[in-house]
Structure formats: C-alpha cells, structure tokens
Amino acid sequence: MKKTFAFMVALGLFCQLTFRVFAVPETTSAPEKQITAAAAVQTDGMDMVGESKLLQLYADSKTGAFILYQKDTGAIWRSNPDTASDDSLGQGKKRLLESQLEIRYYDAKSMSQERVSKIASVNKNGLSAEKAENGIIFRYSFVSEGISIPIQYTLQEDHLQVSVLIDQIEETAENRLIDISLLPYFGAANTTEQGYFFVPDGSGSLIHFNNGKYNGSAYQQKVYGEDLIVAQERLDYFSETAKFPVLGISKNSGSVLSVVQDGAAFAQVNAYVAGMKKNYNVAYFSFNYRPYDTVMLDSSSSRAKEVVVLSEKKAQCDAFTVDYYPLGTGSGYSDMALKYKELLISEGSLTKTAEQHQDLPVYINSYGAVKKKGSFLWIPVDVMKPLTTYQDAAKMITDLKAAGIADIVFSYEGWTAGGMTGKMPVKGKYESVLGNKKDFQTLLQTAKENEITFLPGINLTDFYQSGNGYAKGSSTAKNLNKSPSLQYRYSPFSLVKDLETAPYYLFSPRLYSEVLQKFYKKYHLNTDGISLKALGYKFYSDSGKEGYDRGEILELVTDALNQAAESGSVLTKSANLYAACASDYISEVPVSSSGYDITDQSVPFYQIVMSGYKNYSIPSVNLSYDTDFCLLKAMETGSSLTFDFNAQNFEDTAGTPIESVYNSNYNDWIGLAAEQSKILNDVYQKTGNHCIVGHSSLAENVYCTSFENGTSVAVNYSDQDFVFEGQNVPAKGYCLFSTEK
C-alpha cells in the first residue's frame with residue numbers, strides 16, 4: 001500500500017483560547033423504534049433458517065447466498081450484491097461477486113494459487129447444506145483442489161455469527177491451504193451508493209465508497225500488526241497497525257459492525273473501492289490458516305533461489321468466527337465504537353482503571369542509560385552514557401511538581417544493569433553510571449512524597465545480550481526455518497535496514513512470565529506498578545522447538561500482562577486490544593491513521609472505545625512537528641499529554657534503540673508542559689473522566705467531540721474561524737459547549 005506523506009503547516013500559538021457555554025443538539029443516533037411485525041421481505045426464493053426478536057436469516061442451499069433482515073428498520077444485508085441489473089459487469093465479474101469464500105493455497109510445486117467458491121465449488125456441485133440450530137451449515141468442497149471448508153451461520157438475538165469450523169477443514173490432495181477470505185462481498189456497495197467503511201488503522205480510518213482511488217492499492221492490514229518474526233529487507237512505508245479486530249460498513253439504510261470473536265490473531269482486514277479488482281466497494285476479514293515464510297537459499301551466489309516454507313501446524317483455535325451486528329438507521333462510526341465498547345464491557349474484557357485521577361495526568365517518558373560506541377587509547381569500546389540518572393529523575397519529578405503539574409505518570413526505562421540494551425533484568429542489579437541501589441530507593445521515595453505514579457519499565461521483547469540464564473540459541477523466538485530472526489531498525493528516509501545500529505533478537509514469549517517472576521523476586525520494588533511498553537504493540541510468533549502460533553502467543557502475552565497487574569498498575573504503549581484491556585495506562589495512543597491513499601479520514605474510534613475506562617495519552621508533544629496541534633488533539637480525543645524528558649547527554653540517543661528521542665532536555669520543555677497541562681485540565685474539569693459518546697466532522701479540519709455528561713468540545717485546526725451553533729470556534733483553537741443552563 002502506497003502511503004501519502006503529508007507535511008503539516010506549522011501552527012502558531014493561538015492567542016486566545018475561548019470558552020463558551022451553549023446547548024448542543026441531541027445525539028445524532030437514530031431513536032429506538034418499536035419493533036413491529038416484519039414486512040414482506042424480498043428473499044429471492046430463499047428459505048428462512050433462523051429468527052430472533054430483532055432479525056431474520058434467509059439462505060439459499062443451492063448457492064450459499066443469504067439475506068440478513070432487520071425487523072425494526074427493514075434493512076436488508078446480503079452476503080452477495082444483487083448484480084442482475086448491473087449492465088456494467090460481465091458474467092465473469094458477476095460470478096466473482098457471487099462467492100462467499102475466497103481461498104489461497106500452495107500447490108505441489110509451491111506455487112501460490114487463488115480460487116473463489118462460486119466457480120471452484122458451487123458451479124462444480126461442491127456445495128452441500130445442513131440445518132443447524134437457528135441457522136445453517138454450508139460445506140464448500142473445492143473439488144479440483146482437494147480442499148473442503150465448512151461455514152456455520154447462527155442467528156443470535158442481535159447479530160449473525162459466522163464461523164469457519166477449523167477442525168472440520170479437509171485437505172485431501174497435495175495442496176496446502178494458506179488463507180481464507182470470509183464473506184468478501186457481504187454488504188458490498190455498488191458504483192452509485194453512498195457511505196463508507198470503517199477500518200481499525202491506528203486511531204481509526206474511513207474509506208468512502210466510490211472515492212475514485214481505484215488506481216492505488218487496496219487496504220490490507222493484519223490485526224495486531226505484521227508478524228515481526230518475518231524480517232524485511234526494507235519497508236514500503238512507516239505505518240500504524242490495526243489495533244482492534246473490527247470493521248464497519250455504513251450506508252444510508254444503516255450500519256453493520258463486524259467483530260472477530262475467535263481467531264483475531266490470525267485475521268487481516270481488507271477493503272477495496274469500486275474500480276479495483278473486486279469491482280464493487282467491499283470490506284471483509286481474511287484469516288491465515290497456515291503460517292508460511294520464504295527463505296533465500298544460496299543467497300550469496302548467482303544460483304540464489306527463494307523457497308517457500310510452510311508450517312505443518314495449522315491455526316490453533318476452535319474457529320475463525322465473525323459476529324455481524326446490524327445497527328440502526330443513521331448510525332455511523334461513533335455508534336460502531338459505542339457498540340464495540342458495550343460488547344467489551346458485557347464480556348468483561350473492558351473494566352475501569354482502579355485508580356481514578358482528579359486531574360488529567362501528564363505522561364513522562366524518561367530513560368536511564370544507553371550504550372554508545374567509543375574508544376580508549378584508540379581501541380573501540382562500548383561506553384555507557386547516562387541520560388537520566390536516579391538523582392536526575394528525582395530532581396525532574398520535584399521540578400515538574402514545582403512548575404504546577406499536579407498529576408504525573410512517570411515511566412522510567414533503561415535503569416537496570418546494561419541500560420536500554422542490557423541482559424534480561426533477573427539478577428536485581430542496577431546500572432552503575434546511574435547510581436546505586438540507595439539512590440534508586442531515594443528516587444522511589446521522592447516519587448511517593450510527590451504523589452506521582454512512578455512506573456519503572458523493563459523490555460520483555462527485545463533481546464540484546466546473552467546472560468543471566470538466557471541465551472540467543474535457547475531463549476529467542478524462531479522463524480519457520482528454526483533460526484533466530486535478526487531485527488533491524490529502518491532509516492526513516494530510505495526505509496532500508498539501518499546497518500549502523502546494532503541488530504537484536506526477539507525474546508521468546510514463552511519466557512515472559514518467568515522473567516517477570518524473577519524480576520519481582522530480585523528487585524523488591526515498592527512502586528505503583530510497572531511499565532511494559534513493548535508488550536502493548538510488539539506481536540510475533542515463535543516457531544521454535546515447542547512452536548507457538550499467533551493465537552497461542554496472544555495467550556502468553558495476556559498471561560504476562562495479567563501477572564504484572566497483580567503487583568500494581570500496568571502501562572503499555574500504543575496498545576493493541578488485548579494489552580489495552582489489561583492495562584491501567586496506555587501511553588502514546590495513535591491520534592491518526594496511516595494515511596494510505598485509499599483512506600479518506602482519520603477518526604478517534606480507539607479513544608471512543610477506551611474513554612472513561614482507561615487513561616491514555618497522545619504521542620510525545622516535544623517529539624512532534626507542532627505542539628499546538630498536539631494540545632488540540634488531546635482535547636478532541638480526551639487524552640493526556642506525553643513528553644519525553646532526559647537530563648543530560650541528549651545527543652547520545654543517535655544510533656541507539658531510542659534514537660527518535662531527540663530534543664528531550666526537560667529544562668527546555670517544562671514551561672510548555674505546565675502551560676498545556678493547565679489548559680487541558682481546565683477542559684477536563686468540564687468533561688471529567690466521562691465517556692465520549694459522539695464525534696463528528698463539522699467542516700474541513702473542524703471536529704466536535706461529545707461527552708456523556710453533556711459537554712462537547714469543538715476543535716478547529718484550520719486557519720479560519722468557524723461558527724458552530726452561533727458560537728465562534730477560533731482558528732487553531734477550541735470552544736466548549738454544554739447542555740447545562
């Protein structure tokens with residue numbers, strides 16, 4: 001996917017921040033309707049196979065097609081679009097649009113092949129059907145390919161559940177199934193319909209139907225990010241990841257929220273607009289059934305050959321299951337987010353953070369020591385450089401409090417022996433260039449006296465040095481070739497591997513909990529909790545001796561986070577769903593999407609879901625292009641501010657794992673941090689720790705966020721004042737509204 005790089009025009013400090021009190025209109029969500037008897041449904045000769053109070057399900061046992069009917073709104077959602085009257089499509093394209101499954105497999109010659117169910121199964125008499133409780137099971141036999149896949153449809157009270165029954169998949173030939181695309185044309189929009197898809201890229205993104213961007217690439221993102229164990233020679237782009245296993249379709253007749261209930265770790269979100277190879281506007285999930293990788297043999301010679309390596313282990317989960325929730329007429333991405341939040345709360349995944357803050361805390365990221373290349377008597381040596389010593393950190397805390405920042409969440413990394421690239425911290429040792437154990441205890445006491453949330457951090461994912469009982473051969477994650485996967489950083493300019501910076505390995509997730517247990521036993525920290533930033537966003541498989549796929553890794557990561565939560569608060573960074581639900585603090589949540597060419601608008605779906613339940617912050621203010629833009633984004637998304645602060649040797653981050661942490665002298669930024677914190681807290685006193693209940697675009701670069709207590713904030717990123725409901729929202733500024741008289 002090609003990425004559009006946009007350069008933001010620097011925003012000047014706005015001179016006056018205006019507060020207003022004004023009545024906001026009622027929510028835009030459609031009012032609840034009395035459910036009446038279902039009107040006659042155009043079912044195309046299908047039989048009713050399921051019914052609930054809200055929905056009806058009709059299916060055609062000859063084609064595999066179905067219709068989901070909403071009783072209250074009369075909306076009809078089809079598995080496949082009605083193309084009978086579309087003369088722009090030839091018969092070949094229409095057959096593609098009549099498929100409920102698309103598969104990809106490797107044949108006996110290790111060649112990748114693709115097939116669609118209409119042509120390779122249904123038209124070859126490969127489809128069979130059997131009744132199931134309040135639903136139906138279709139079995140698609142891809143006759144020539146020797147692959148059989150059963151799909152079960154079950155109508156629940158308020159949604160349709162669709163499951164690929166993994167344990168019943170059969171492969172009778174030499175072909176090996178790789179990917180399954182489930183209902184790729186469900187809710188498809190033709191070339192004249194209006195609406196959009198919601199995709200979970202970063203904070204969230206919208207793709208409008210028929211946006212004319214058919215010459216670019218489709219949207220395709222793996223849920224929770226690409227598998228890091230598969231190293232890349234170069235990046236195509238720097239991007240956000242799909243944080244949640246959801247997608248949405250919004251039309252004039254209503255919306256559908258699709259949620260992966262089982263198999264999220266194997267899922268990929270896909271979206272196409274009309275004019276691409278799918279012909280219509282479509283969005284759907286595909287699932288990786290069998291992991292694979294490519295290995296270059298004899299890469300140093302002219303006989304180099306790329307070989308496909310397939311895993312003998314299939315996806316370890318019960319089923320690939322997607323729940324489809326039809327929403328009301330007039331619903332949109334805010335309603336999708338609220339519905340998803342409701343689901344997470346009802347299943348017990350999303351719970352409120354135990355510690356509630358009176359003020360909106362400022363997140364501080366600080367770093368202990370880094371290892372740099374130096375020399376002694378002209379002999380190359382590694383030198384430990386302190387960025388923030390234990391005493392520095394204690395002074396920083398008192399200085400921040402003295403500046404008027406009332407509430408602080410302080411994450412301190414690189415403080416154990418070896419700094420940012422040390423051995424696994426299981427021996428209770430401290431980094432000598434930062435101070436001694438007594439100095440660290442003084443730091444903890446300072447944090448306690450100043451009533452801040454102090455969270456020392458450790459890195460459980462990146463393996464730099466053997467020792468302390470852990471070695472490269474036995475303790476790192478392996479790729480399908482059973483080799484440790486070297487990890488590199490990439491140049492932000494050329495996107496190729498940065499060979500000047502030392503590579504590292506990925507630590508095996510099977511050892512996360514073991515290291516945590518030893519860490520707590522040796523360090524005896526009396527702190528508020530721990531910072532495990534990397535567990536929030538780094539996700540990778542391990543095909544070592546035991547072999548763990550992405551689904552099993554998800555369980556290991558969740559276990560480690562829950563283990564840490566037993567000892568106090570947990571902070572993660574840019575957290576995927578599983579980590580966000582297990583965290584008390586989520587640092588540096590994306591405030592935008594990746595900006596792929598096919599997308600049209602970023603939306604704060606992530607923040608709507610987490611608001612009122614988890615405390616979260618925006619990316620670092622002092623590492624951004626525009627500090628005023630950051631402040632407005634914090635207001636729009638109900639977020640805290642983040643600053644990356646160090647006390648010395650600021651230039652020594654170059655060529656280290658934190659080379660992006662530049663311009664971090666806290667003395668240069670403490671004034672702005674205090675000023676922005678005060679402004680944001682004035683807004684927070686009006687919105688409180690309340691859930692976001694709505695978000696909308698008022699005009700280009702002007703947005704409004706509504707909170708459950710009746711307060712709304714409008715933010716204006718443009719160069720022109722904007723009038724909303726008779727009130728002025730100043731350029732580069734904001735305005736508060738309230739239903740209170």
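Small disclaimer: the values here were computed from a predicted structure and weren't measured.

Chemist: Please explain the pattern of salt bridges as it appears in this structure.
Modeler: Should their charged atoms come close, side chains of opposite charge can pair. With the rule as written, the count across this model stands at 22 salt bridges. Between Lys633 and Glu636 there is a salt bridge; the shortest N-O distance is 3.1 Å. Of the two residues, Lys633 and Glu636 are both situated in helix H11 (residues 627–637); the distance of three residues between them amounts to about one turn of the helix. One exposure class covers both Lys633 and Glu636, and it is buried. Sharing partners across several salt bridges, the network here consists of Asp158, Lys339 and Glu342.

Chemist: When you look at empty space enclosed by the protein in this model, what are you seeing that I'm missing?
Modeler: Over the atoms, a rolling probe the size of a water molecule traces out where space has been left empty. Under the criterion given, the structure shown has four cavities of 30 Å³ or more. Looking at the largest cavity, its volume works out to about 290 Å³. Lining the largest cavity are 26 residues, with Leu360, Gly638, Tyr684, Gly688 and Asn689 positioned closest to its centre. Listing elements by their share of the lining of the largest cavity, those giving two or more residues are strand S34 (615–616), H11 and helix H12 (666–687). Ranked by residues supplied to the lining of the largest cavity, first place goes to H12 with four residues.

Chemist: Any chance you could explain the sheet that holds strand S2 (residues 55–59) here in plain terms?
Modeler: Where strands meet in a sheet, backbone hydrogen bonds hold them as pairs that are either parallel or antiparallel. Sheet architecture is open: four strands sit in the order S1-S2-S3-S4, paired in antiparallel fashion. Each edge of the open sheet is held by one strand with a lone partner, namely strand S1 (47–51) and strand S4 (76–78). Within the sheet, the average angular offset between the axes of one strand and its neighbour, ignoring direction, is 25°. With five bridges connecting them, S2 and strand S3 (residues 66–70) associate as antiparallel partners. In the sheet register, Gln56 faces S3, and the bridge partner there is Tyr69.

Chemist: Can you walk me through a positive patch on the surface in this structure?
Modeler: Taken together, the side chains of Lys423, Lys427, Lys429, Lys521 and Lys522 define a basic patch exposed on the protein surface. Residue placement: Lys427 occurs in the loop between strand S26 (408–413) and helix H5 (437–449). With relative accessibility at 46%, the residue Lys427 sits in the partly exposed group.

Chemist: Please explain the packing of H11 against H12 as it appears in this structure.
Modeler: Two measures define how a pair of helices packs: the angle their axes make with one another and the distance between the axes. Close contact between H11 and H12 brings their axes to 10 Å; oriented N to C, the two are set at 25°. Considered as vectors, H11 and H12 are oriented roughly parallel to each other. Between H11 and H12 lies a crossing of right-handed hand. Of the residues in H12, those touching H11 at Thr627, Asp628, Leu631, Ala634 and Met635 are Trp669, Leu672, Gln676, Ile679, Leu680 and Val683.

Chemist: Got a minute to help me understand the environment of Ser250 in this structure?
Modeler: Within the secondary structure, Ser250 is located in strand S16 (residues 246–251). Sequence separation of Ser250 and Tyr333 is 83 residues, and the distance between their C-alpha atoms is 7.7 Å. In this view, Ser250 contacts Gln194, Gly195, Tyr196, Phe209, Ser255, Ser331, Gly332 and Met336; residues no more than four positions away in its chain are not counted. Within the structure, the side chain of Ser250 is placed 3.3 Å from the backbone oxygen of Ser331, a separation counted as a polar contact.

Chemist: Explain the packing of helix H7 (residues 512–523) against helix H8 (residues 550–565) here, please?
Modeler: Across the interface, H7 lies against H8 with an axial gap of 9 Å and an inter-helix angle of 20°. Overall, the two elements H7 and H8 adopt an arrangement that is roughly parallel. Of the two possible hands of crossing, H7 and H8 adopt the one that is right-handed. For the pair H7 and H8, contact is made by Tyr512, Ser513, Leu516, Gln517 and Tyr520 and by Val557, Asp559, Ala560, Gln563 and Ala564, respectively. Across the contact of H7 with H8, the residue classes break down as six nonpolar, three polar and one charged.

Chemist: In this structure, what is going on with the pairing of strand S22 (residues 319–327)? I would like to understand it.
Modeler: Along any regular strand the residues' side chains alternate between the sheet's two faces. With respect to burial, S22 is a largely interior element, nine of its nine residues being buried. Every second residue of S22 is oriented toward a common face, with Ala319, Thr321, Asp323, Tyr325 and Leu327 on one face and Phe320, Val322, Tyr324 and Pro326 on the other, all of them buried. Across six bridges, strand S10 (residues 160–165) lies against S22 in antiparallel orientation. For Val162, the partnering residue across the bridge sits in S22 and is Val322. Here seven bridges tie strand S17 (residues 254–262) to S22, and the two strands are oriented antiparallel to one another.

Chemist: Just to check I follow, could you spell out unusual backbone geometry for this structure?
Modeler: With the exception of glycine, the majority of residues adopt a negative phi angle, and the majority of peptide bonds are in the trans configuration. A positive phi angle is found at Ser110, which is not glycine, with a value near 60°. You can call Ser110 partly exposed: its relative accessible area is 37%.

Chemist: Hey, could you run me through H7 in this one?
Modeler: Think of an α-helix as turning once every 3.6 residues; residues three or four places apart then point the same way. The terminal C-alpha atoms of H7, which comprises 12 residues, lie 17 Å apart, in line with the 16 Å expected from a rise of 1.5 Å per residue. Residues of H7 that are buried: Tyr512, Val515, Leu516, Phe519 and Tyr523. Within H7, the buried residues cover an arc of 100° as seen down the axis, which keeps them to one side. H7 presents Gln517 and Lys521 as exposed residues on the side facing more than 90 degrees away from its buried surface. Packed against the buried residues of H7 are strand S30 (529–531) and H8. Trailing H7 by a residue or two, His524 shows a phi angle of about 50°, which is positive.

Chemist: Can you help me understand the side chain of Thr446 in this one?
Modeler: Along the chain, Thr446 falls in helix H5. Overall, Thr446 belongs to the buried group, its relative accessible area being 12%.

What counts as what
Within each chain, residue numbers correspond to sequence positions counted from 1 in written order. Selection of residues for local features in this predicted model requires a pLDDT of at least 70, selection of side-chain atom pairs for listing and counting requires 80 or more, and totals for whole chains, interfaces and linings are taken over all residues. To get the side-chain values, all heavy atoms of the structure are used, and hydrogens and water are removed first. By definition here, a salt bridge exists when the distance from a side-chain nitrogen of Lys or Arg to a carboxyl oxygen of Asp or Glu is within 4 Å. Numbering of helices and strands starts at the N terminus; helices are DSSP runs of H or I of at least 4 residues and strands are runs of E of at least 2. Only protein chains enter the calculation, and the probe is 1.4 Å; a residue is then buried if its accessible area is under 20% of its type maximum, exposed if over 50%, and partly exposed in between. Every definition here rests on a 1 Å grid over the protein atoms only: cavities are sets of points where a 1.4 Å probe fits but cannot get out, pockets are open sets enclosed by protein on both sides within 12 Å along at least five of seven lines, and lining residues have some atom within 4 Å of a point. Grid points are joined across faces, edges and corners, and a volume is the space filled by probe spheres set on the points. Strand pairing follows a simple DSSP-based rule, namely that at least 2 bridges must link the two strands. Under this scheme, a helix contributes an axis fitted over its contacting stretch, all axes are lines through C-alpha atoms, and angles between N-to-C directions fall in the 0 to 180 degree range. Every patch collects residues that have over 30% relative accessible area and no salt bridge, joining them within 9 Å if they carry like charges and within 5 Å if they are nonpolar side chains (Val, Leu, Ile, Met, Phe, Trp, Tyr). Method for areas: the Shrake-Rupley scheme with a 1.4 Å probe, in which residue coverage is limited to the protein chains shown. Positive residues here are Lys and Arg, negative ones are Asp and Glu, while His and the chain termini are left out of the count. By convention, the point assigned to a charge is CZ for Arg, NZ for Lys, CD for Glu and CG for Asp. For classification purposes, angles smaller than 35 degrees are called roughly parallel, those larger than 145 roughly antiparallel, those between 65 and 115 roughly perpendicular, and all remaining angles oblique. Crossings are sorted by hand: turned counterclockwise from the far helix by less than a right angle, the near helix makes the crossing left-handed, and turned clockwise it makes it right-handed. Whether two residues are in contact is decided by their heavy atoms, any of which lying within 4.5 Å being enough. Polar contacts, as used here, are pairs of N or O atoms within 3.5 Å; protein pairs need one atom able to donate a hydrogen and one able to accept it. Residues neighboring in sequence count only if both atoms are side-chain atoms. Under the scheme applied, nonpolar residues are Ala, Val, Leu, Ile, Met, Phe, Trp, Tyr, Cys and Pro; charged residues are Asp, Glu, Lys and Arg; polar residues are all the others, including Gly. Working rule for helices: expected span equals 1.5 Å times residues minus one. The reported arc concerns the directions from the helix axis to the C-beta atoms and nothing else.

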